[in-house]
Amino acid sequence: MWQFSALLFFLLPGCSTAQDPVTGPEEVSSQEQGSLIVQCQYASHWKDYRKYWCRGAEWSSCKILVETDASECLVKENRVSIRDDQRNFIFTVTMEDLRMSDAGIYWCGIVKSGYDPMFKVRVGIEPGCSTAQDLLTGPKEVSSQEQGSLTVRCQYGSWWKDYRKYWCRGAEWSSCKILVETDASECLVKKNRVSMRDNQTNFIFTVTMEDLRMSDAGIYWCGITKAGYDPMFKVHVSIDPGSSPWCCTIPEPTTSSPVDPQPSMTTIDTIPAPSPQPRSLLSSPYFCILLFLELPLFLCMLCAILWVNRPQTWSGRQGIWPYHESQ
Ligand SMILES: *[C@@H]1O[C@H](CO)[C@@H](O)[C@H](O)[C@H]1NC(C)=O
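Calculation criteria
- Residues numbered from 1 in each chain as written.
- Predicted model: local features only at pLDDT ≥ 70, side-chain atom pairs only at ≥ 80, totals over all residues.
- Heavy atoms only, no water.
- UniProt positions renumbered as here; feature names shortened; annotations may be inferred.
- Near = heavy atom within 4 Å.
- Polar contact = N/O pair within 3.5 Å; in protein donor to acceptor, adjacent residues only side chain to side chain.
- Areas by Shrake-Rupley, 256 points an atom, 1.4 Å probe, with all protein chains shown as cover.
- Salt bridge = Lys/Arg side-chain N within 4 Å of Asp/Glu carboxyl O.
- Helix = DSSP H or I, 4+ residues; strand = E, 2+ residues; numbered from the N terminus.
- Buried < 20%, exposed > 50% of the residue type's maximum accessible area, 1.4 Å probe, protein only.
- Contact = heavy atoms within 4.5 Å.

Per an unreviewed UniProt entry, the protein chain goes by the name Cd300 molecule-like family member D and belongs to Rattus norvegicus. According to its UniProt record, the protein chain has this under Subcellular location (unreviewed entry): "Cell membrane".

Right, dumping it as structure tokens:
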């Protein structure tokens, strides 16, 4: 008789409903842009069942965000992942890159026929800390020449990767006018003389303004589109008047200087000094000074010398001929 009751006990493990089938933390909170982990413990007999993480105020109508396939494999959907540890009877939910809108009521759940065992978890999200303003940086000042072009690189925190980025003009961040905006992808966007490309590998977006005019000088903003206040960074753009087209243009600083091969120790004495980079004479400010100040001066001096030393045709002949005539 005891054998029968023992068999019954093993056959109907699910009947021990007195204990909570699934439990977890009643409340979890984290910061915007941070991540959080929720661990739900279940009774051992639920080991081989599918587990899920569900969102909604009511258990009956919540929306499943991630669900295991009854194995221990990690399942990830967007910013949420789930993994079941069937040795310790715990499944772990991870939510990453948290947003304020992620706050709310969630449920740990186990799929079974009939009503699922569920446990309610309240998730709170605190606003990001003040350093959120530093999540987007760039150059405070950029200058270029009329008719030239300029490039601004804005660096952002990796969590803004999939957000739309823009380049905005106006003294006030709140009322600036968006000149160009990405579509949250890495595609090049171009509008008139302004183009923009987001690099989501190194978290930098690059704005290029071409064919610059004096009127382009002013205040601009790098920005990221998000709910609430956008992260923005102020960039002063100044434009220098264009100079005469063939002279006095200041050369653009070379971003990548050619690297001279390292001379080996034995030949160091025989290697000639690296020749200076070839550059246009007209682009040198010293050459311009020479051309416009010293050259006229030199010409004037030359004229003066020539005038002083001019052939004494009339007075000379007068002095010489009488001498010859007297011979
Ligand atoms: C992003 O930057 C990386 C590293 O500089 C580069 O290898 C990659 O090609 C860039 N991607 C785009 C879309 O420009």
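That was the structure; now back to the text.
What follows concerns the site of the ligand. The immediate surroundings of the ligand are formed by Glu186, Asn199 and Asn202. Contacts to the ligand include Asn202, whose side-chain N or O atom sits 3.0 Å from an oxygen atom. Summarising the interface, the protein chains cover 41% of the accessible area of the ligand, which totals 360 Å² for the free molecule.

Inspection of every chain in the model, using the stated rule, returns 12 salt bridges. When the shortest N-O distance is used, the salt bridge between Arg164 and Glu181 registers 3.1 Å. One end of the pair, Arg164, is in the loop between strand E13 (150–156) and strand E14 (165–169); the other, Glu181, is in strand E15 (residues 177–181), with 17 residues separating them in the sequence. Its relative accessible area of 38% is what places Arg164 among the partly exposed residues. The closest approach of N and O atoms between Lys190 and Glu210, which form a salt bridge, is 3.3 Å.

Relative to the helices and strands, Cys168 resides in strand E14. Judged by its relative accessible area of 1%, Cys168 is buried. Those residues in contact with Cys168, other than ones at most four positions away along the chain, are Cys176, Lys177, Ile178, Leu179, Ile219, Tyr220 and Trp221.

Let us now look at unusual backbone geometry. Here Gln147, not a glycine, exhibits a phi torsion of approximately 70°, which is positive. By secondary structure assignment, the location of Gln147 is in the loop between strand E12 (141–145) and E13. With phi around 50°, Asp211 is a residue other than glycine that occupies positive phi space. Note that Asp211 resides in the loop between strand E18 (204–209) and strand E19 (218–224).

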